[in-house]
Amino acid sequence: MLVKGIVSGLGLADAREVRSPSFVFVHVFHNHSTVYHVDLYRIEQPVEVESLGLDDFLAERALVIVEWAEKLAPSHLEPDWRVRLEVISDTERRIRIEELHAENASNFGMG
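No experiment lies behind these values; they were computed from the predicted model shown.

A. How the structure looks around a negative patch on the surface. A surface patch of negative charge is lined by Glu 50, Asp 55, Asp 56 and Glu 60. Among the residues examined, Glu 50 registers a relative accessible area of 59% and is labelled exposed.

Here's what the structure looks like:
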């Protein structure tokens, strides 16, 4: 749901078109901005990530959203933001957003 909101909020796709890339690993949305939605749930070894081209995505001026980022080698990714979703109950969630590198943060896709 979070990625649906980000992608549709940026006007890159209708929320109904945004699905988990669990089986293809990466979905790309672009128009005036580019968003890479990466899902590493099915990755078993960090070396498998190399075939996804993640380094190429990170070299672009793009928003890269990585689910299950803990499956990456620690040196592979230096995120600007960390978003954690916690299940509190069947009807309640807690979202924690942490800015990690303020000097790299930008107004991606805004204005």
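B. Highlighting the pairing of strand 2 (residues 34–39). Most of strand 2 is tucked away, with six of its six residues classed as buried. Residues of strand 2 alternate between two faces, with Thr 34, Tyr 36 and Val 38 on one and Val 35, His 37 and Asp 39 on the opposite face, all of them buried. Where strand 1 (residues 26–30) lies against strand 2, five bridges are found, and the strand directions are antiparallel. Paired with Val 26 across the two strands is Val 38, which belongs to strand 2. Two strands pair when backbone bridges link them, and strand 2 and strand 3 (residues 63–67) are joined in this way by five bridges, in the parallel orientation. Each residue of the ladder has a partner; that of Val 38, found in strand 3, is Val 66. Each parallel crossover has a hand, and for strand 2 linked through helix 2 (residues 54–59) to strand 3 it is right-handed.

The rules we used
Residues numbered from 1 in each chain as written. Predicted model: local features only at pLDDT ≥ 70, side-chain atom pairs only at ≥ 80, totals over all residues. Heavy atoms only, no water. Patch = residues over 30% accessible without salt bridge, like charges linked within 9 Å, V, L, I, M, F, W, Y side chains within 5 Å. Areas by Shrake-Rupley, 256 points an atom, 1.4 Å probe, with all protein chains shown as cover. Salt bridge = Lys/Arg side-chain N within 4 Å of Asp/Glu carboxyl O. Lys, Arg positive; Asp, Glu negative; His and termini not counted. Charge placed at Lys NZ, Arg CZ, Asp CG, Glu CD. Buried < 20%, exposed > 50% of the residue type's maximum accessible area, 1.4 Å probe, protein only. Helix = DSSP H or I, 4+ residues; strand = E, 2+ residues; numbered from the N terminus. Pairing = 2+ DSSP bridges. Right-handed = clockwise from strand over helix to strand, strands pointing away.

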